[in-house]
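Single-letter residue listing:
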Amino acid sequence: MALCRADTAILRGLAQRVAEAATHPEQKERERRWYATNALRPLRPVVFCSPEGAWEELLPVSGCACDDPLARAWERSLRMRLYAWERFDDDAVLDDRFPVNYVYEDSGWGLEPQKTFSDQARGAYRWSGALADDDDLSRLHYPQVSADQTATQERLDLAHHVFDGLLAVELQGRFWWSTALIGELAQLRGLEQVMLDMCERPAWVHRAMRYLMEGRLQWLDNLQLRGLLALNNGNDYVGSGGFGWTDELPAPAFDGARVRTQDMWGFAEAQEITGVSPAMHDEFVLQYQIPLLERFGLNCYGCCEPLHHKFELLKKVPRLRRISISPWCDRRVAAEALEDNYVYSWKPHPGYLADVVFSPEAVRSYIREALDESRGCVVEIVLKDTHTCNGEPERFDTWTRIAKEEAERYS
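Only a predicted model underlies this, so the values are computations on that prediction, with no experimental measurement involved.

Conventions and cut-offs
Position labels on residues start from 1 in each chain and follow its written sequence. Predicted model: local features are reported for residues with pLDDT of at least 70 only, side-chain atom pairs are reported and counted for 80 or more only, and whole-chain, interface and lining totals are derived from all residues. Water and hydrogen atoms were dropped before computing side-chain values, which therefore reflect all heavy atoms in the structure. Throughout this description, buried means an accessible area under 20% of the type-specific maximum (1.4 Å probe, protein chains only), exposed means over 50%, and partly exposed covers the range between. Each helix is a run of H or I in the DSSP string that is no shorter than four residues. Each strand is a run of E no shorter than two, and both are numbered from the N terminus. Two strands make a pair as long as DSSP finds a minimum of two bridges between them. Inter-axis angles, ranging from 0 to 180 degrees, are taken between N-to-C directions of lines fitted to C-alpha atoms, where helices are fitted over the stretch in contact. The contact criterion used is simple: two residues touch if any of their non-hydrogen atoms lie within 4.5 Å. The residues that make up patches have over 30% relative accessible area and no salt bridge, and they are joined within 9 Å when like-charged or within 5 Å when they are Val, Leu, Ile, Met, Phe, Trp or Tyr. What sets the accessible areas is the Shrake-Rupley method with a 1.4 Å probe; for residues, cover comes only from the shown protein chains. Salt bridges are counted wherever a side-chain nitrogen of Lys or Arg sits within 4 Å of a carboxyl oxygen of Asp or Glu. Counted as positive: Lys and Arg. Counted as negative: Asp and Glu, with His and the chain ends omitted from the count. Each charge is placed at NZ for Lys, CZ for Arg, CG for Asp and CD for Glu. Here a cavity denotes grid points, spaced 1 Å and computed from the protein atoms alone, that fit a 1.4 Å probe unable to get out, and a pocket denotes an open set having protein on both sides within 12 Å along at least 5 of 7 lines; residues with an atom within 4 Å of a point are the lining. Grid points are joined across faces, edges and corners, and a volume is the space filled by probe spheres set on the points. Residues are grouped as follows: Ala, Val, Leu, Ile, Met, Phe, Trp, Tyr, Cys and Pro are nonpolar; Asp, Glu, Lys and Arg are charged; all remaining types, including Gly, are polar. Only centres within 6.5 Å qualify two rings of Phe, Tyr or Trp (six-membered ring in Trp) as a pair; their planes then separate them into stacked at under 30 degrees, edge-to-face at over 60, and tilted for everything else.

1. Side note on the pairing of strand S11 (residues 343-346)
- By the alternation rule, side chains of S11 split into Val343 and Ser345 and Tyr344 and Trp346, which are all buried.
- Bridge analysis of strand S10 (residues 320-325) against S11 gives 4 bridges, and the strand direction is parallel. Looking across to S11, one finds that Ile323 is bridged to Tyr344.

2. Regarding the sheet that holds S10
- In spatial order, the strands read S1-S12-S11-S10-S9-S8; together these 6 strands make up an open sheet with parallel pairing. Strands with a single pairing partner mark the edges of an open sheet, and in this sheet they are strand S1 (46-49) and strand S8 (265-268). The mean angle between the axes of side-by-side strands here comes to 20°, regardless of whether they run parallel or antiparallel.
- Where S11 and strand S12 (residues 378-383) come together, 4 bridges link them in parallel fashion. Following the sheet pairing, Ser345 is matched in S12 by Glu380.
- Across the sheet, helix H14 (residues 394-410) lies against S1 and S12, angled at about 170° from S1, the strand it touches most.

3. Comments concerning a negative patch on the surface
- Together, Glu105, Asp148, Glu154 and Asp157 make up a region of like negative charge exposed at the surface.
- Relative to the helices and strands, Asp157 is located in helix H5 (residues 149-163).

4. Details of empty space enclosed by the protein
- Within this structure, the stated rule accounts for 1 cavity of 30 Å³ or more.
- Estimated volume of the largest cavity: approximately 30 Å³.
- Taken together, Gly239, Ser240, Gly241, Cys300, Tyr301, Gly302, Arg322, Ile323, Ser324, Ser345 and Lys347 form the lining of the largest cavity.
- Top element by residues in the lining of the largest cavity is S10. It accounts for 3 residues.

5. Quick look at the pattern of salt bridges
- Taken as a whole and assessed by the stated rule, the structure comprises 40 salt bridges.
- Taking the shortest distance from any N to any O, the salt bridge between Glu86 and Arg17 comes out at 2.9 Å. Here Glu86, found in helix H4 (residues 69-87), pairs with Arg17, found in helix H1 (residues 5-22); they are 69 residues apart in sequence, far enough to count as distant.
- One salt bridge in this structure joins Arg30 and Glu26, with 3.3 Å as the shortest N-O distance. With Arg30 and Glu26 both in helix H2 (residues 25-38), this residue pair falls 4 residues apart, about one helical turn.
- Glu26 gets classed as buried once you look at its relative accessible area, which sits at 19%.
- Bridged by salt links that share partners, the residues Arg364, Arg368, Asp372, Arg375, Arg401, Glu405, Glu406 and Arg409 form one connected network.

6. Overview of the layout of surface pockets
- Each pocket or cavity is described by its volume, and for the largest pocket that value is around 1300 Å³.
- Lining the largest pocket we find 39 residues, and of these Pro99, Asn235, Asp236, Tyr237 and Phe243 sit closest to its centre.
- When residues of the lining of the largest pocket are traced back to their parent elements, those giving at least two are S1, H4, strand S2 (97-101) and S8.
- Of the residues that constitute the lining of the largest pocket, the class distribution is 22 nonpolar, 9 polar and 8 charged.
- A volume near 510 Å³ is recorded for the second largest pocket.
- The wall of the second largest pocket is formed by 24 residues, among which Trp109, Gly183, Glu184, Gln187 and Arg216 lie closest to the centre.
- Those elements that provide at least two residues to the lining of the second largest pocket are helix H6 (182-189) and helix H8 (202-225).
- When grouped by side-chain class, the residues that make up the lining of the second largest pocket number 11 nonpolar, 6 polar and 7 charged.

7. Let's talk about the packing of aromatic side chains
- Within this structure, the stated rule accounts for 23 aromatic pairs.
- Here the aromatic rings of Trp34 and Phe243 are separated by 5.2 Å at their centres, their planes lie at 70°, and the arrangement is edge-to-face. Placement of Trp34 in helix H2 and of Phe243 in the loop between H8 and S8 is noted, with a sequence separation of 209 residues between them. Phe243 carries the same exposure label as Trp34, and that label is buried.
- Taking the centre distance of 5.9 Å and the plane angle of 55° together, the rings of Tyr125 and Trp127 count as tilted.
- The exposure class of Tyr125 is partly exposed, given its relative accessible area of 31%.
- One aromatic cluster is present, built from ring pairs that chain together Trp34, Phe48, Tyr237 and Phe243.

Printed below as a string of structure tokens:
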């Protein structure tokens, strides 16, 4: 595996800029703020801007210059890091690491939902579940990860060839985002049908969730046994927002080589059952998530679902540290329930970025009100789910500047 000279030159030029920016003293200050937040001793609310779906408006893929597909992906990741550093006045740390993930395949559960995709760019899709009747559960199998060690080593060698002397190339294992289970069942069965099943066929739901739980527990065991896990206690995105900087991980007896789940942050959410009562959430979902979350050293919970009526329930999660406060969550209830015992991971409404007319005054008022409501909490501000900025990338620059000013005022 090799890249042409032109692609290599482009990548090394960008890497040089990243390496230089990584030495800026502000990086250490930002890192210190994340450590303090995760230790529940905040210096002030930290701010993180993640354009997500709007990146195409900020840095169109068509603007990449490399020809090779892998080189273009690496180029875009470097350009995104530089863009955020140069334009966003947030607390994201730009370091000199260049992570390379394993080349792998995941077998899945053996059945796949039938999906019908929109003909619109980034459009939605509909799906029909593959678990149509009781017998279909017997057709599932536990998922297995097959890492292609040869292809992985080739990619790692290529990254070293391109970036050595500039960036620290690291092999990392990133095989999942959430260990929620309920999202997988919704895909396999159909979301509406799962809701009906909870009322009409509860025993079947318990059978399905137990099978998924046992499959994921074995899956984690295999990843750990084969040495495919990686620490996420540094400049690593964890949960549904925020970074992993902490001195509490890895766990005691870590040998410095083979990462265990207890050395890592874990994460689960339950977005698919937003409308379900706390009791049903506990019965059909949380009791199956807890054995998975028990494996991890620290945990995050929640994403876009409003959790204000479930905080007491979630306190059952072992070593829970970060809880998502979505745009649909009652912030006052959250502040009263969480106090300074958890990271209050506030996700501001992204609609301000997508509106026809962008109003900095409205953004400031909104952020100030939210921070005033959360006084006494350990707050992080995570702007995400921003699928468009209405063609005005500078909105992100203004938003993050205002958020930073309000965070400093808050402290």
